[in-house]
Amino acid sequence: MAVLAESGSNPDVDLLYDINGLAKDAPHWFDRVMEFVGEYGLLLAMVLLILWCWWSVRRRGGEDAAPSVAALVWAPLAAGLAVLVNVPIRGFVERPRPFVDHQGLDVLVSGKTDFSFVSDHATITMALGVGLFVAHRRFGLAGIGLALLEGFCRVYMGVHYPTDVVGGFALGTAVVLLLSPPATALLTPLMRAVERSPRAGRLVRRRPASTAGRDALLPGARTAPESEERDLAA
């Protein structure tokens, strides 16, 4: 692949320098925060968001519990599949990291020796965010917001071009949406089977407490046989 021009004639490089230039003007502690957030923090936040969504769906229950949980299971599976698809794409494009061809970048993470296009972090976070959106709109919008922030961080850190991030967003979204119908068709019956299980069913929908169990805990509650025995004794 041809080396991108370092001049202002390339919008991709211009935007790279503009965003990464913010790191030069920021305090050292802020760069360290962005390094952690861009490398690990947002991925962890996305996992926690998926767990929060699962807990909410499980507590709400209803007929749509199994399809929603199936969509949540598909989200990380799609993210992993998208990363696998990215392996031959990287090998075919062979785009070097931006700091290899362009001088003056403030690179916050060292040791990146693999190719740049497309961004794995952007691919994973957007796949998780779109997968969340399929399962739950409100949580999905939050997840997509985290994915957009991840993309900004990767350019800010000087390890990806903006088009690497856009390509990752497109790849993650495409894998989730294109394969969602067959994945849902396979996972929803599986989740319904899990839901019917006496023990594993709690993973899909919270079991309501039995009426008898609640009555037994109420102060002064009496069972029907006890009442009948006292009536006969009288």
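Refer to the preceding data block for the structure.
For the structure given in this document, a descriptive report is provided here. (Residues numbered from 1 in each chain as written. Predicted model: local features only at pLDDT ≥ 70, side-chain atom pairs only at ≥ 80, totals over all residues. Heavy atoms only, no water.)

**Let's talk about helix 3 (residues 65–93)**
Note the cut-off: Strands are runs of DSSP state E lasting at least two residues, helices are runs of H or I lasting at least four, and both sets are numbered from the N terminus onward. The span one expects for a helix is its residue count, reduced by one, times 1.5 Å.
Over its 29 residues, helix 3 extends 42 Å from the first C-alpha to the last, a length consistent with the 42 Å expected when each residue adds 1.5 Å. One or two positions beyond helix 3, positive phi appears at Glu94, with a value near 55°.

**A short note on the packing of aromatic side chains**
Put simply, the rule is: Note on aromatic pairs: the rings of Phe, Tyr and Trp (six-membered ring only in Trp) are paired at centre separations within 6.5 Å, and the planes decide the class, stacked below 30 degrees, edge-to-face beyond 60, tilted for the rest. Any Lys NZ or Arg CZ that is within 6 Å of a ring centre and within 35 degrees of that ring's normal is treated as a charge sitting over the ring.
Under the criterion given, the structure shown has six aromatic pairs. Relative to Tyr156, the ring of Phe152 has its centre 6.1 Å away and its plane inclined at 35°; by these criteria the two rings are tilted. In this pair, Phe152 and Tyr156 both sit in helix 6 (residues 137–156), four residues apart, roughly one turn of the helix. Members of the aromatic cluster, connected to one another through ring pairs, are Trp29, Phe30, Phe152 and Tyr156. Lying over the aromatic face of Tyr161, Arg95 brings its terminal NZ or CZ to 3.9 Å of the ring centre.

**Quick look at the packing of helix 2 (residues 28–60) against helix 5 (residues 120–135)**
Applicable threshold: Fitted lines through C-alpha atoms give the axes, limited to the stretch in contact for helices. The angle between two N-to-C directions lies from 0 to 180 degrees. Oblique is the label for any angle not covered by the other classes, which are roughly parallel (under 35 degrees), roughly antiparallel (over 145) and roughly perpendicular (65 to 115). Each crossing is labelled by how the near helix is turned from the far one, with a counterclockwise turn of less than a right angle marking it left-handed and a clockwise turn marking it right-handed. Two residues qualify as a contact provided that any one of their heavy atoms is within 4.5 Å of a heavy atom in the partner residue. Under this grouping Gly is polar, as are all residues other than the nonpolar Ala, Val, Leu, Ile, Met, Phe, Trp, Tyr, Cys and Pro and the charged Asp, Glu, Lys and Arg.
It is at 11 Å that the axes of helix 2 and helix 5 come closest, and there the two elements cross at 15°. As far as their axial angle goes, helix 5 and helix 2 are roughly parallel. Crossing angle aside, the handedness with which helix 2 passes helix 5 is left-handed. Listed contacts from helix 5 to Gly38, Glu39, Leu43, Met46, Leu49, Ile50 and Cys53 of helix 2 are His121, Ile124, Thr125, Leu128, Gly129 and Leu132. Residue composition of the contact of helix 2 with helix 5, grouped by class: eight nonpolar, four polar and one charged.

**A closer look at the environment of Arg206**
Looking at where Arg206 falls in the secondary structure, it is placed in the loop between helix 7 (162–196) and helix 8 (211–217). When the C-alpha atoms of Arg206 and Arg60 are compared, they prove to be 7.9 Å apart, with 146 residues separating the residues in sequence. Non-local contacts of Arg206, meaning those with residues more than four positions away in its chain, are made with Arg58 and Arg59.

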